Structure formats: structure tokens, C-alpha cells
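# Examination of the molecular architecture
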Amino acid sequence: MTVVAAWLRKQLAGVIALVLMIAMFLVGRPTFASQADRENLAGAYGFAPMSIAMPGGAPQQTIRKVNKAYKHIDAWISSVGAAIAMNDLDGNGRDDDLVIVDTRTDQVVVTPAPGQGTARYQPFELSHGSLPVDDTMAPMGAVPADYNQDGRTDLLVYWWGRTPTLYLQRSTATTLGADAFHATELVPASSGGGAYRGQLWNSNVATVADFDGDGRPDIFVGNYFPDGSPVLDSGKDGGVEMNDSLSNAVNGGRNYFFRWTAGTSGDRPTASFTTLGDVLPKDLSTGWELGATSVDLDGDTLPELMLNNDFGHDHLLYNTSKPGTISFSRVEAVRGPGVPKSKVLGDDSFKGMGSDAGDFNHDGIFDFFVSNITTPYGIQESNFQFISTAKSKDDLRAQLKSGAAPWKDLSAELRTAWSGWGWDPKIEDFDNDGELEIVQATGFVKGDVNRWPPLQELAAANDQVTRTPKSWPNVTEGGDIAGSQTLAFFAPDGNGRYANLSQELGLAVPVPTRGIATGDANGDGLLDFAVARQFDAPIFYQNTSTSKGAFLGLRLTHEDPSVTSGAGSPAIGAQATVTTPDGRTHVGRVDGGSGHSGKRSHAIHLGLGQNVTGPLQVRLTWRDRTGQPRSQDLQLTPGWHAVQLGTSAKEK
């Protein structure tokens, strides 16, 4: 016994380590809902796929021309750009207009949502007017908002190869069409000749919010490749680089904020913004940005900002702005026992592709979902589902001010960790049962030759070589990396976890997807969604759920005596909070374009569950046109409501 005891004492450390490894494996191993459970859950949902009308005649491509230094990875360089937005552009009170960036043609197209009457207007390509646009540039996304504050919804388009452009609706236009928009620069550029003389940016995300709290919309633009990089100039060889790390790259393009200063209406409308390139310190500003979410977290009506970086940390920024000055402080989650550093908010090292915010646990505080790469036998990271651990908004505010971010990733426990090569996520209640679902775009490059093996070699490479394009493995046309992955649709299973119902709902189409836009196109109270596909036709999914759940829909606009036509300026950043008779809290916001390349409508939609019929107390919070924080309770019945927000809230 003495010999055995001595041996056990000698091996104790190893035995303990083995026990811990087994325990962690059992806790963290992937688990998924059974087929029977998925089929049972799928009955609450229904989506009918519908083709989207697009203008014809333009030549189509399946890959882009790129800088000669990128020729051996031209499929990789061509892997982004499909984008989609859903909004009310014509002021008819419905989210039945789509804005699509089509990578097959590099057009930005405006078209009616399927089934919503092409008699209103025919699909058309945005006209760039006199703006210099050439084949060294490609649009990457579009963000609807009222940029000149005249009550009409305009568009911002961000690009690779130039700075963003604005398309402002003319007050003289009587119907939607190419002539209804006046094209102008967001960043003033030197004039002369027909060539582009502005700065060379490669932007991959933009979102709109009143960051400084002055009552007017500001713009955030996140860039990917370093400023000045001629990525799409096939006549050049060099002047470009790749990320300087696979987990903490900070050599990307600079991030910029634009503070609104003025706007005019008319046949040649204008919108003026001050460009701010020094709001964030360099290590926060030069990540490889692919996603951003703006949302007020602590209830002070100033929106926080989450940034999603490819090859590096996601960052959550606490808003410390004052009217006229935009500023943020960095916050990070505290790493707990047994939590990998790679899964700590603010210190994670996965490939952040996009994010969204929603209150999953009904505590009145927004949580986050972040898309990463999650491919078995490829690159297996995980998505993040960051759930708030704060006791209240007062507690949350105190922690944010101290630099702490009280959110914990529970994606493995909730069964949302694994899906594919993730991109844009959207968090919505699609069946009005009062619980949130997550729809997520996935997939990368579609082809015939499996290119995962050399990519796995790159994933193990030393950071000292990743910056050089020559170090990257060949990924040209015909190569396939996650090319047959499909949309994910995570639905709550009633037991505190989620099940991916994509296959059961007919959403599992093996085509790489990028952006997801949501909105209620036909006004029936059920959210539809549209999907942008990379080098393939976009698709619209009409919600056909037979759910009997109630909903509250809010179209919140600013009260402005100078606005005499149009639908009104959306009160971006305004929030609505409702507590239903079952004790659950529901919170929503007027979103200014969170995610990767998909932009939801400006309407707030809250599913309320069944047996909710009478008026509910709805708490609205917003900043008025002078920048003054406001809040008010309204008694509203389930259904759609239009409310103007000034010094007080008034239903229209």
C-alpha cells in the first residue's frame, strides 16, 4: 500500500489534469437538437422563398479583377460585397423597398420587395451622376437613413477603391427611380477632370447613430485593407498587403466617424458632415473591420459601438461623447475560471464577421450575437452569444464606466456556437411568441476544388509572414472553401437552448450568403427577411407563420416643423421597452444599420406572445432634435403604430 500511495502522490498532478480535461470536454463538447425536436419546433415557422426583380442587361462576373499581387488569391479578395437593406424608401408606411449590392454586376439596385407591387416603380440601378466611378472600385454595402434631414430616406454607399457616396432623395421627385436621387460625395474630394482624386479607402461596414447626442445622425465607417491600397486596380502590381496577424491584426484601414453639420432639400439636396479620423486610438482604429453594432446599452440615450474585426479582437466601446464631440472608452469582460481568452469580450481572437444586439433573457439589457468561423475539419472557432450578467442598468452603467463589460459567452451551452463560416446575423422574433430567433449568413467561396488544406496550413503560420500576399495559399476561381454552407436559423427550444432549423424550414440552400435584411414588407405583423448571396441572385423569404402571437410595431420619427413631406426622419437610436402580463421584458431599438452587410428596417418590432390583447404600457426613450434626452410612457394596443418624437411622444 505504501508503494501504491507513493505512486499516486507522484502522479496526482497528472491525474487531476486528466480529470479536468475530461470534465471540460464533457461540458464544452458540441451538442445539437435531435431531428425529432427540430421537426417539432419548425411547425411554428414558415418562409416562402420569392425571387427578387432585378434590372437586366448588365454584364455579369463571377470574380473580380484585382491587384496583380493578389492574383493568386483573387477568389479570396472577391469574397465580400454582396449586401442588402430593407426599408421604406417611398414613404408608403411599409418596409417594402430593397436596396441590393449585386456582386455579379457591381450595381447598387433599388427594387420593390416581391409581392409588393412593381407598379409603384420598376427596379433600377442607382446613378452615380457626375461622381467619378471606375473599374478599380466596387460597392460593398448601402445604408438607408435621412442624411439631409428633410424627412425622406436617402442612401449611403460604401466602397472598395474610394470614399463613400451619398444618394439624397430629391424633393421634386414624384416616384422612385434613378432620377429621384442626387449623388454627392460624403468626403469632399479635389475636383478636376473626370478622374477620382479623393482618398483611397476599402470600406466593409457602416452604421448610422447619433453618437454625440446632438439630435442629428452621425456615421461610422469601418475600413478593411489599409488606406491607400489599390486592391481592385488590376493595372498595378503591389502597394498592397494582408493582415499582420491571424489573431490580433492592427494594420488595416483606419476607422472614421462623420458628425452631421447641415443639410438642405430641393432638386439638388445637400448633406454636410465633418470627417473625424482620430476618435479611436490606433490599436482600435486599424483593425480589419467587417461588422459593427450600435446600440444604447445603459439607458443614457448615447449609443455604444461594438466593432467586429477579422483576424483580431472584437471591441466594445462605451460612449463618453458630448454634443459636438464624439468619444469612447474601451471596455472588456473579466476573464473567469475555465474561460479561454479567445472567448472573452474585448480580448477574443476569432474572425469576427458581424454582430447584432437583442435581449435574449428578458432582463431589459441588450445581449450580443457575433459571427465567427465555425467549420469542423476546417477552422473550428465558435460563434459568440454574449449574455449580460449585470444586475440592472444602474449596475451596468457603473461597470461600463469602470472599464468592465459584464457579458459572458454562453454559445456552447445555448447550442448557437457552431454553424459555418459566419457573416451577417440578425436577431428577431419571427413567430411573435416573445422569444428571439437568430438568422445567420454563412459560407465563403464556392467552387469545385477543396482549398481547406492549404488554408489550415496558413492558420498555423507565424504572424511574421501573413502580411505578405505571397505567403497566402492559392485561392483562385474554382477553389472551394465552405462553398456549400447554408443559412443558419437558431430557434429557442423551450428549454433554454436553441436548435438550428435551417434544413426543416427550407432555408438550407448551399450558396454562400453575406447580408440579411429584415422588415415587415406587407404589414401583417410578421417579419420577412431578404438575403444577399455572393455572386448569386438575392432571395426574399416571406414569413408565412401561422403563429397567433401578438406584436407591437413602432415607426418612430422625429417631430420637425420644417419637414412637410416624406415619411419623416427615423429617430435612430430611440428605444421601446414593454413588460407583458407574463412578466417578460421586451426591448427594441430603431437600428441605424448594425451587422455586416445586411441592414434591417428602421421600424421596431416586438413579439409579445399569445393572449396579449389589451393596451400595454410602452416606455419610449429618445433624444430630441436639440439633443435633450426624453422618455415617456404610452398606452398602446398590439399592432402597428406611428409615433412622432419631439419634446413629447405623440401618436400620428
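The name given to the protein chain in an unreviewed UniProt entry is ASPIC/UnbV domain-containing protein, with Nonomuraea rubra as the source organism.

For the protein chain, mean pLDDT is 94; residues scoring 70 or higher make up 95% of the total. Between residues 23–27, whose pLDDT stays under 50, and residues either more than four places distant or in other chains, the model counts 2 contacts.

Our focus in this paragraph is unusual backbone geometry. At Tyr-377, a position not held by glycine, the phi torsion is positive, near 60 degrees. Relative to the elements of secondary structure, Tyr-377 occurs in the loop between strand E19 (367–371) and strand E20 (384–388).

Here we come to the domain arrangement of the protein chain. Parsing the protein chain into structural domains produces domain 1 (48–543) and domain 2 (550–651). With centres defined by C-alpha atoms, the gap from domain 1 to domain 2 works out at 24 Å. Between domain 1 and domain 2, the contact holds 74 residues from the first and 46 residues from the second. Summing the contributions of domain 1 and of domain 2, the shared interface buries around 4200 Å²; its carbon and sulfur component is 44%. Scanning the region where domain 1 abuts domain 2 turns up 5 salt bridges. For Arg-589, the salt bridge goes to Asp-356, with nearest N and O atoms at 3.3 Å. Taken together, the connections running from domain 1 to domain 2 amount to 43 residue pairs in polar contact (both at pLDDT 80 or more). Residue assignment for the side of domain 1 that touches domain 2 shows that the elements contributing at least two residues are strand E2 (83–87), strand E6 (138–145), strand E10 (203–209), strand E14 (288–295), strand E18 (354–358), strand E22 (422–428) and strand E28 (513–519).

Further remarks concern the pairing of E20. Summarising burial for E20: 5 of the 5 residues are buried, a large majority. Covered by surrounding structure in E20 are Phe-384, Phe-386 and Ser-388 together with Gln-385 and Ile-387, the residues of both alternating faces. Relative to E20, E19 is paired through 3 bridges, and the arrangement is antiparallel. Bridged to Val-370 within E20 is Phe-384. With 3 bridges joining them, E20 and strand E21 (residues 407–409) adopt antiparallel strand pairing. Counterpart to Ile-387 in the pairing with E21 is Lys-408.

Relative to the helices and strands, Leu-89 is located in the loop between E2 and strand E3 (97–102). For the pair formed by Leu-89 and Asp-154, sequence separation is 65 residues and the distance between their alpha carbons is 7.5 Å. Not counting chain neighbours up to four residues away, the residues in contact with Leu-89 comprise Asp-97, Val-99, Val-110, Thr-153, Leu-155, Gln-169 and Leu-176.

The next point concerns the side chain of Asn-202. For Asn-202, the position within the fold is in the loop between strand E9 (181–185) and E10. In this structure Asn-202 comes out as buried when scored by relative accessible area, which is 0%. A polar contact is formed between the side chain of Asn-202 and the backbone nitrogen of Gly-161, at a distance of 3.4 Å. A polar atom in the side chain of Asn-202 sits 3.2 Å from the backbone oxygen of Ser-229. Sequence-distant contacts of Asn-202, defined by excluding residues within four places in its chain, comprise Trp-159, Trp-160, Gly-161, Asn-223, Tyr-224, Phe-225, Pro-226, Ser-229 and Val-231.

Ordered by their spatial adjacency, 5 strands build an open sheet running E5-E4-E3-E2-E34, and the pairing between neighbours is mixed. In this open sheet, the two strands that pair with only one neighbour each are strand E5 (124–125) and strand E34 (598–599). The sheet contact formed by E2 and E34 spans 2 bridges and is parallel. Bridging across to E34, Ile-84 finds its partner in Gly-598.

The rules behind the values
- Residues numbered from 1 in each chain as written.
- Predicted model: local features only at pLDDT ≥ 70, side-chain atom pairs only at ≥ 80, totals over all residues.
- Heavy atoms only, no water.
- pLDDT = per-residue confidence, 0-100.
- Contact = heavy atoms within 4.5 Å.
- Helix = DSSP H or I, 4+ residues; strand = E, 2+ residues; numbered from the N terminus.
- Domains from an automatic or database assignment.
- Buried area = accessible area lost by both parts, 1.4 Å probe.
- Salt bridge = Lys/Arg side-chain N within 4 Å of Asp/Glu carboxyl O.
- Polar contact = N/O pair within 3.5 Å; in protein donor to acceptor, adjacent residues only side chain to side chain.
- Buried < 20%, exposed > 50% of the residue type's maximum accessible area, 1.4 Å probe, protein only.
- Pairing = 2+ DSSP bridges.

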